[in-house]
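# Overview (structure and organization)
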Amino acid sequence: MDQNVTERSPLLQPAQDGLSESDEIQEYTGCQPEACCNPRRPLHRYMVLAVMCFLSFGSYFCYDNPAALQDIFIEKLGLSTSEYSALYSWYSWPNVVLSMIGGFLIDRVFGIRLGAFIFASFCLVGQVVFAAGAFFNLLGLMYFARFLFGIGGESLAVAQNTYAISWFRDHELNMVFGVLLSMSRIGSTVNMNVMQPIYKAKSLTDLTPPKHMGVVLLIASATCVFSVMCTILLAFIDRRAKRLLGQQAAATGEKIELRDITRFPLPVWLLCIICVAYYVSVFPFISLGEVFFLRRYQTSPDAADAITSLPYIVSAVASPICGFLIDRTGRNVLWIMFGTFLTLGCHICLAFTFNLNPYALMAWFGVSYSIVAASLWPLVSHCVPSRALGTAYGIMQSVQNLGLACVNLATGAIVDAKGYLMLEVFFLMWLCLALIFCSLLYLWDLKYMDGRLNRSAAERHRIEGIEKAAAEAAAARDE
Amino acid sequence: MSKFTFAFTNLIEYSDKNDKVEIPTNPVNTTHVYPFSSFLWRLEQAPEILSNGLTQFVLSAYSMMETMAPEVDPATYSVDNAGDEQLAEIFKKNGSSLKLKVQLSPTVGRADDLPQLQFTSNNTQVEFQLKDLFSSVPDARFGVETVLLDGTPDADGMQREQKIEYVLNIDDEFTPGVFRMSNWLSPDSCYAQWKPVCYKAEKRTISNSTVVKHTDLVQLSVGLTEALNNSFAYPLYGGDLLQLTGARAINVTFGIPKDKFYAATNYTVWTVSVGLGQPPADAVSTLVIIVILCGLGLPFLLMSAAVIYLCVRRCRQPAPDGAVSAYQPINA
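Everything numeric in this text was worked out from a predicted model, so none of it was measured. (Residues numbered from 1 in each chain as written. Chains lettered and ligands numbered in written order. Predicted model: local features only at pLDDT ≥ 70, side-chain atom pairs only at ≥ 80, totals over all residues. Heavy atoms only, no water.)

## With respect to the overall build of chain B
In plain terms, the rule: Secondary structure elements are defined from DSSP: runs of H or I of at least 4 residues count as helices, runs of E of at least 2 residues count as strands, and each element is numbered from the N terminus. Only protein chains enter the calculation, and the probe is 1.4 Å; a residue is then buried if its accessible area is under 20% of its type maximum, exposed if over 50%, and partly exposed in between. What makes two residues a contact is simply this: any of their non-hydrogen atoms within 4.5 Å. All accessible areas in this document rest on Shrake-Rupley with a 1.4 Å probe, and a residue is counted as covered only by the protein chains that are shown.
Along the backbone of chain B there are six helices and 17 strands. Evaluated residue by residue, chain B yields a buried proportion of 44% over its 332 residues. Intrachain contacts of chain B at a sequence separation of at least 6 include 70% that bridge at least 24 residues. Accessible area for chain B stands at about 17400 Å²; split by element, carbon and sulfur atoms hold 57% of it.

Below, the structure is given as structure tokens:
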């Protein structure tokens, strides 16, 4: 018995920085004591974060290749506008179902390391086949390639989220999700700025357009190769860390069953609905926004383009910052409500006023989107056990994709028939729905979960420390 | 008795080298001006009353060359008719036309087709359509010069000062994507009203819509006055048009930069409503108000009810359930 323990000292010592006696690394070899190689130290975690960021970079980069090269697809390769849009539909519609399956496969069959590698490889193969389809000018092959790419892309995002929680659950989870969100925007933006210059490179201009496009897309697939290498690197680091810390990949040896999905707690489904209700008022607006700003605010087409891309640019910067703030304060559910209110205010201004600066409004839009995204996704980790994380994220992605696909069809019809004011009211209704479900989540959390989802950061650390110490004491007792 | 005239005076074909949708102010040999008075008109659709109560007829323009027997060599024509050759050029393509569709309504209502301008019993809507017109340069655009003459002097016998004003409206239900109305007024007398939008295809949707711009009001030139004197305006007003009417002209252009010019779709249709009195104003429609009240009002009511319920519950229970009391040591 430790001599410092008296009758009055608490039986369970709260953890400090997550370190406690039984957590000491078994043996020090090589560079392990160094901060950068010690899985317990923040520096190592941040290095892992850097690798994690680039896990999906290839998929985000290549996803928007058609948009960056749109005029070439339509004019040189002779695609009609609907054939071009189908390049995106073949990615999104299958993912209504595939994300869920991918998440389940990660949890049950492949495990996170192999799963990430497999899905990154699907992205790579999809992009290469896409390049081949363009090279030989076969539209059917291009569609099949986007389908393959879609299998990899969305499930890779699920894998990335699962990795993030596995490494950062007790630490800066919100900020990490903010950083990952940022990377998706950065990948897309880099793509938009880089693909046209690559296409115009002198050494390629002699080729016929299909061959030219094929070569350019093949060059783009280098980012997917990079992603695959990141998954391999991350798999090694993860395996090493788990070995050093004495943990297993499937921690308790239990695996998820399909029927576990029906036993997910209500908050998971509430979060799904909030996610859909919020995202359908963001993405469809941005894709339809150009004409809106052109006509209503009388901007030039270039300015309208800049205004509609402003939320993405702002969120690339604001997401990590908002995530950091949310980490410091906790109370995720309140942050979601706050972010939704801000977006609501933004839509109200866009719908009912003419005088406000559209740049300011869209920047405000971007910040509110960052707040909601950085606070919403980490909440899932507090609702489901680790063995079901991939599945839960897969379901959320699936529901989100389904909602977006359906609403995208509806928004086009609404604008054509009844104009933009009706569309804005439509978005406002969805935001109100999100707010209602958010309040339901808040009330449910208060009543049935001891306020676990909405704890402040300090409280969360304290309680999690106590729980961890209790678990270790139980484990020590069992030995 | 009130009388006024709204006239299409010139069709302008110009080469938009800088892609700015501006008619060149200096004379350029790529700018062709086709006076409407040199067109011939046929009644493509006789006046008829449609099922929705509107009276409608369609005029279609053609050039004199069309009436000529094919074997006549245009080169043998005299100089007076040289303009007709140029005019015939724009109608070279098969199926090309310049049409004016005129609609009137005995009652208040709205047109069926976009931009769905309002009818009063005192106005007429004219749809100006350019279809498949030919031009020799690939960057050609078309514009039209229009004139508003007010034949009714005001109470003091003075000419009215015309102006163009823009009315903003948050509701674009009837013309999706368009939030303003252009009103060309001769105050309290007559007006020409249009939404600054024209459509690039027969199927009128937002994606096929583009912008309509116009120049500032200018006084009539001598040539224009001459042309109007040769038109129906003369028997209406007699004598010197400039004296009697505060007439003004504008040039209307269609399209925006980088839209690949008229040749992108070879189609333009623009609707303008002309009438006596005050131009009708668009208000927020009842449907929108109902949807806003139900779609937003109900959720806000629900939220307020939830917040009040929470506050009441909090006030009733000052200490949270299961509060852990401070630990008291057993042996002090």
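And the narrative resumes.
## Things to note about the domain arrangement of chain A
Residues and elements named next belong to chain A. The line we're drawing: By convention here, the domain bounds are inherited from an automatic or database domain assignment. Take the accessible area each of two parts loses on contact, using a 1.4 Å probe, and add the two losses: that sum is the buried area.
Domain parsing of chain A yields domain 1 (33-249) and domain 2 (259-464). One C-alpha centre belongs to domain 1, the other to domain 2, and the line joining them spans 23 Å. Listed as interface residues are 30 residues of domain 1 and, on the opposing side, 37 residues of domain 2. For the domain 1 and domain 2 pair, buried surface summed over both sides reaches about 2700 Å², with 60% attributable to carbon and sulfur atoms. Counting the surface domain 1 buries against domain 2, the share from its top three residues, Arg169, Asn174 and Arg185, is 24%.

## Some details on the interface of chain A and chain B
As a reminder, the rule being used: A pair is scored as a salt bridge if a Lys or Arg side-chain nitrogen falls within 4 Å of a carboxyl oxygen belonging to Asp or Glu.
At the junction of the two partners, chain A supplies 31 residues and chain B supplies 32 residues. When chain A packs against chain B, the two sides together hide about 2900 Å² of surface, and 72% of this comes from carbon and sulfur. Broken down residue by residue, the surface that chain A buries against chain B is led by Arg295, Phe354 and Leu421 of chain A, which jointly contribute 22%. On inspection of chain A and its partner chain B, the count reaches two salt bridges. One salt bridge connects lysine 258 of chain B with aspartate 302 of chain A, and the closest N-O pair in it is separated by 3.6 Å. Elements that contribute at least two residues to the side of chain A that touches chain B include exactly helix H11 (283-296), helix H12 (301-329), helix H13 (332-352) and helix H15 (389-448) of chain A.

## With respect to the side chain of serine 155 of chain A
Operational definition: For the purposes of these results, a polar contact is taken to be a pair of N or O atoms within 3.5 Å, where, inside protein, one atom must be able to donate a hydrogen and its partner to accept one; residues adjacent in sequence count only when each atom of the pair is a side-chain atom.
Assignment of secondary structure puts serine 155 of chain A in helix H6 (residues 139-168). In this structure the side chain of serine 155 of chain A is engaged in a polar contact, spanning 3.2 Å, whose partner is the backbone oxygen of isoleucine 151 of chain A.

## Some details on the pairing of strand S3 (residues 40-49) of chain B
All names here are of chain B. Rules: By definition, two strands form a pair when at least two bridges between them are found by DSSP.
Relative to strand S4 (residues 55-62), S3 is paired through seven bridges, and the arrangement is antiparallel. Bridged to glutamate 48 within S4 is glutamine 56. Linkage of S3 to S4, two consecutive antiparallel strands, is achieved through a turn of five residues, within which glycine 53 is found at a positive phi near 90 degrees.

## Description of the UniProt feature "transmembrane region" (unreviewed entry) in chain B
So the rule is basically this: UniProt positions are given in the numbering used here, feature names are shortened, and annotations may be inferred rather than shown by experiment.
Per the UniProt record, the feature "transmembrane region" (unreviewed entry) sits at residues 287-312 of chain B. Regarding residues 287-312 of chain B, the helix share stands at 100% and the strand share at 0%, and the terminal C-alpha atoms are separated by 37 Å.

## Some remarks on helix H1 (residues 42-53) of chain A
Residue and element names in this part refer to chain A. Operational definition: In this analysis, the expected span of each helix is defined as 1.5 Å times one less than the number of residues it contains.
Relative to the 16 Å expected for 12 residues at 1.5 Å per residue, H1 spans 16 Å between its end C-alpha atoms, a close match to the ideal helical length. When H1 is considered as a whole, its buried residues turn out to be His44, Arg45, Val48, Leu49, Val51, Met52 and Cys53. Summarising the contacts, the buried residues of H1 are in contact with helix H2 (57-63), H6, helix H7 (173-199) and helix H9 (222-244).

## Examining the pairing of S4 of chain B
In this structure, S4 of chain B lies alongside strand S5 (residues 97-104) of chain B, joined through six bridges in antiparallel fashion. Across the sheet, phenylalanine 57 of chain B pairs through a bridge with valine 102 of chain B, a residue of S5 of chain B.

## Overview of unusual backbone geometry
Residues and elements named next belong to chain B. The amide bond that connects leucine 114 to the next residue, proline 115, takes the cis arrangement and shows omega of 0 degrees. Along the chain, the position of proline 115 falls in the loop between strand S6 (109-110) and strand S7 (118-119). Within the chain, phenylalanine 261 stands out as a residue other than glycine whose phi angle is a positive 65 degrees. Mapped onto the elements of the fold, phenylalanine 261 is located in the loop between strand S16 (248-254) and strand S17 (267-276). One non-glycine residue, asparagine 266, lies in the positive phi region at around 55 degrees. With respect to the helices, strands and loops of the structure, asparagine 266 is situated in the loop between S16 and S17.

## Looking at the nonpolar core
Put simply, the test is: For our purposes a nonpolar core is just a set of buried Ala, Val, Leu, Ile, Met, Phe, Trp, Tyr and Cys residues, chained together by side-chain atoms within 4.5 Å.
Membership of the largest hydrophobic core comes to 147 residues, with the highest contact counts inside it found for Leu69, Phe73, Tyr163, Leu271, Tyr279, Phe293 and Val384 of chain A. Ranked by residue count, the leading element in this core is H15 of chain A, at 20 residues. Look past the residues within four positions of phenylalanine 73 of chain A in its chain and what remains in contact with it is Pro66, Gly78, Leu79, Tyr84, Leu87, Phe130, Met142, Met213 and Leu217 of chain A. Among the nonpolar cores identified, the runner-up in size contains 34 residues, and Phe36, Val126, Val252 and Val272 of chain B belong to it.

## Examining the environment of valine 102 of chain B
All names here are of chain B. As for its placement among the helices and strands, valine 102 is situated in strand S5. For valine 102, a relative accessible area of 11% puts it in the buried group. With 26 residues separating them in the primary sequence, valine 102 and phenylalanine 128 have C-alpha atoms 9.0 Å apart. Apart from residues no more than four positions distant in its own chain, valine 102 is found in contact with Thr55, Gln56, Phe57, Thr124, Gln125 and Val126.

## Considering helix H3 (residues 222-229) of chain B
For the record, the criterion: By arc we mean the arc of the directions from the helix axis to the C-beta atoms, nothing more.
Taken together, the buried positions of H3 of chain B are Leu224, Thr225 and Leu228 of chain B. The arc enclosing the buried residues of H3 of chain B, seen along the axis, measures out at 100 degrees, which places them on a common side.

## Structural notes on the environment of glycine 109 of chain B
Residues and elements named next belong to chain B. Inspection of the secondary structure puts glycine 109 in strand S6. Residues glycine 109 and threonine 146 lie 37 residues apart in sequence; the distance between their C-alpha atoms is 26 Å. Setting aside anything within four residues of it in sequence, one finds glycine 109 in contact with Leu117, Gln118 and Phe119.

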